[in-house]
Amino acid sequence: MRKRFKGENTRAVHLPAPPVPVQASVGTPVWRTSAFAFAGAQEHADLVHNGGGYLYSRVDNPTVDAFAAAVAALEGATVPDVTAQAFASGMAAVSSVFWTFLKTGAHVIAPLALYGGTYDLIQDVLGRFGVTADFVEMGDPGQVRAAVRSSTRIIWAETLSTPTMEVADLPALANIARASGALLAVDSTIATPVLCRPLEYHADLVVHSATKYFGGHGDATGGVVAGRSALLEKIRHTRIATGAMLAPDEAFLLRRGLETLPLRVRRQCDTANQFAAAIAKHPSVKSVDYPGLQGHRAHDLARRLFDTGPEGTRFGAVVTVTPHGGREAGLAFADALRLAKPATSLGGTHTTVGHVGTITHAGTDDALLLKAGIDPAAVRFSLGLEDAEDLIRDATEALDLMTKINSVARADTVTMS
Ligand SMILES: *Cc1c(COP(=O)(O)O)cnc(C)c1O
């Protein structure tokens, strides 16, 4: 028997290790460790060289793997050979696709109504590395086909784009990608697999900001990419090299969120449907953008691509409401709401709003906004889990207030003239 080390610091650091349980747990354990232990130096060396276990949490972590595997199961429910890689944020997941499959001189086609963070990445960051891009309407395959060049490597789409609620024609885009030797990568954050699984329409990769509906409670940040395992191996390599790994605590929250994803999203879609229909009738409202509305330009495409449940087709839970009266009216409307709170994120249990012109498209002047099909008054709602009647009442009361202000303003103009 060798003599024990007696120093108090040594004893504090080398406390007995927790036993590895023989029973599996119902919940996902949080493997909150940066490194994994080995019985000896040879076992360590074998794993470094041959793989087949855990080594270091920037490389792989069991809690993060559990989250990634859960996403692969949801997005690849009916598609063989789907795996996923998880990232520290949605943007880390988005950028991993570009870092993996582009090089200097490559060309990207992306939506006109693109998520701001992805637009900045393509224009400001990738542009410095000699990557060029064209921005077109993804609901119009003709525009996409016309933008293809011999250097096109990625066609980037969003299943649903906010704030205009464009829908990407995924089957047509997959055909164009195939014919041109490009990859079709789809940001499906706003749609979630509860509405649509792009891999089933032959997209090569599907990307999510897990911060939104996957976590679903506004308390965790993460991202994920899913697709065929051969492509995901390459993305994994980028993830390890760039250090964009998800933290185990976040992975725990995001994976737990997935267990209620269908329940939450179906309910949120249902609420959004009722909300959009009710608010569109208000006299202070100029327009409502929601693919669930008959008149929306993406209505038919959404019906074709999105799942239908007992509650009808699921059109998503983001609704953009544009009141009459321009930029000021939009800000005043967002301000007058009581339940719906101004916040940058979406997809959580709380209903959140953002005045598009000052938040997601800050710095874009009115003329440019209008060119992108966005009214300077537009307010984007992410419907949460509150009761639909209360959310409708909240928005209606805020709009009533504005009708009053507008009529006072009109009365003033009349008296003055
Ligand atoms: C939020 C969001 C992202 C970025 O995700 P983060 O987790 O904030 O990095 C990407 N795409 C869409 C559509 C988003 O809504």
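This is a predicted model, so every value here is computed, not measured.

Student: Would you explain the overall build of the protein in this entry?
Tutor: Check the secondary structure of the protein and you find 15 helices and 16 strands. Taking 417 residues into account, the globule formula puts the C-alpha radius of gyration at 22 Å, and the protein, at 24 Å, falls close to it. For the C-alpha atoms alone, the extent of the protein along its principal axes is close to 100 × 55 × 45 Å. Each of the 417 residues in the protein was classed as buried or not, and the buried ones make up 49%. For the protein, the exposed surface amounts to about 20,200 Å²; the carbon and sulfur share of it is 56%.

Student: Just to check I follow, could you spell out the packing of aromatic side chains for this structure?
Tutor: We describe a pair of aromatic rings using the distance from one ring centre to the other and the angle between the two ring planes. Per the stated rule, a full pass over the model turns up eight aromatic pairs. Between Phe98 and Trp156, the ring centres sit 4.9 Å apart and the planes meet at 35 degrees, which makes this aromatic pair tilted. Of this pair, Phe98 sits in helix H4 (residues 90–101) while Trp156 sits in strand S4 (residues 152–158), and the two are 58 residues apart along the sequence. In this pair, the class of Phe98 matches that of Trp156, namely buried. The interplanar angle of 85 degrees and the centroid separation of 5.7 Å between the aromatic rings of Trp99 and Phe129 together place this pair among those described as edge-to-face. Here the residue Trp99 occupies a position in helix H4, and Phe129 occupies one in the loop between helix H5 (116–125) and strand S3 (132–136), the gap between them amounting to 30 residues. Taking relative accessible area as the criterion, Trp99 reaches 36% and is therefore assigned partly exposed. Each member of the aromatic cluster is reached from another via a ring pair, and the members are Trp31, Phe36 and Tyr54.

Student: Would you take a moment to explain the nonpolar core for this structure?
Tutor: Of all hydrophobic cores here, the largest spans 84 residues; its most connected members are Phe67, Phe275, Phe333 and Phe381. When residues in this core are grouped by element, the largest group, seven residues, is from helix H11 (residues 261–279). With residues near it in sequence (within four places) discarded, Phe333 still touches Val321, Pro323, Val379, Phe381, Ala395, Ala398, Leu399 and Met402. Counting 28 residues, the second largest nonpolar core, distinct from the first, contains Phe98, Ile122, Val131 and Ala244.

Student: What should I look at first to understand the site of the ligand in this one?
Tutor: For the ligand, the full set of nearby residues is Ser89, Gly90, Met91, Tyr115, Asp187, Thr189, Ser209, Thr211, Lys212 and Gly222. Contact distances for the ligand include 2.9 Å between an oxygen atom and a side-chain N or O atom of Ser209. Here Lys212 contributes a side-chain N or O atom positioned 2.7 Å from an oxygen atom of the ligand. Burial of the ligand by the protein amounts to 89% of the accessible area it has alone, namely 380 Å². Considering only residue class, the shell around the ligand consists of two nonpolar, six polar and two charged.

Student: When you look at helix H10 (residues 248–259) in this model, what are you seeing that I'm missing?
Tutor: A turn of α-helix holds 3.6 residues, and therefore any two residues three or four places apart point the same way. Under the 1.5 Å per step criterion, the end-to-end length of H10 is 17 Å for 12 residues, consistent within 8% with the ideal 16 Å. Turning to H10, its buried residues number three or more, namely Pro248, Ala251, Leu254, Gly257 and Leu258. On the buried face of H10, the contacting elements are helix H3 (62–75) and H11.

Student: How should I be thinking about the pattern of salt bridges in this particular structure?
Tutor: When charged atoms on two side chains of opposite charge get close, those side chains can pair. One pass over the structure, following the stated rule, counts 18 salt bridges. Residues Glu311 and Arg266 are paired through a salt bridge, measuring 3.6 Å at the closest nitrogen-oxygen approach. In this pair, Glu311 is assigned in the loop between strand S11 (308–309) and strand S12 (312–313) and Arg266 in helix H11, connecting sequence segments 45 residues apart. Classification of Glu311 by relative accessible area gives partly exposed; the value is 28%. Each member of the salt-bridge network shares a partner with another, and the members are Asp60, Arg236 and Arg239.

The rules behind these values
Each chain carries its own residue numbering, running from 1 in the written order of its sequence. Local features in a predicted model are, by the rule used here, given only for residues with pLDDT of at least 70; side-chain atom pairs are given and counted only at 80 or more, and totals for whole chains, interfaces and linings are based on all residues. Computation of side-chain values covers all heavy atoms of the structure but excludes hydrogens and water. Helix and strand assignments come from DSSP, with helices taken as H or I runs of at least 4 residues and strands as E runs of at least 2, each series counted from the N terminus. Here the radius of gyration uses the C-alpha set of atoms, whereas the globule reference equals 2.2 Å times the residue count to the power 0.38. A simple rule labels every residue: compare its accessible area, found with a 1.4 Å probe on the protein chains alone, to the largest value its type can have, and call it buried under 20%, exposed over 50%, or partly exposed in between. Using the Shrake-Rupley algorithm and a 1.4 Å probe, accessible areas are obtained, with residue cover drawn only from the displayed protein chains. Here a pair means two rings of Phe, Tyr or Trp (six-membered ring of Trp) with centres within 6.5 Å. Their orientation is stacked below 30 degrees between planes, edge-to-face above 60, and tilted elsewhere. Among the buried residues, those of types Ala, Val, Leu, Ile, Met, Phe, Trp, Tyr and Cys that are joined through side-chain atoms within 4.5 Å form a nonpolar core. We call two residues contacting when some pair of their heavy atoms lies within 4.5 Å. Whether a residue is near a molecule or strand is decided by its heavy atoms; if any one of them lies within 4 Å of it, the residue is near. Here a polar contact is taken to be a pair of N or O atoms separated by no more than 3.5 Å, where protein atoms must pair a possible hydrogen donor with a possible acceptor and residues adjacent in sequence count only if both atoms sit in side chains. Ten residue types, Ala, Val, Leu, Ile, Met, Phe, Trp, Tyr, Cys and Pro, are classed as nonpolar, four, Asp, Glu, Lys and Arg, as charged, and the remainder, Gly among them, as polar. Residue count minus one, scaled by 1.5 Å, sets the expected span of a helix. Salt bridges are counted wherever a side-chain nitrogen of Lys or Arg sits within 4 Å of a carboxyl oxygen of Asp or Glu.

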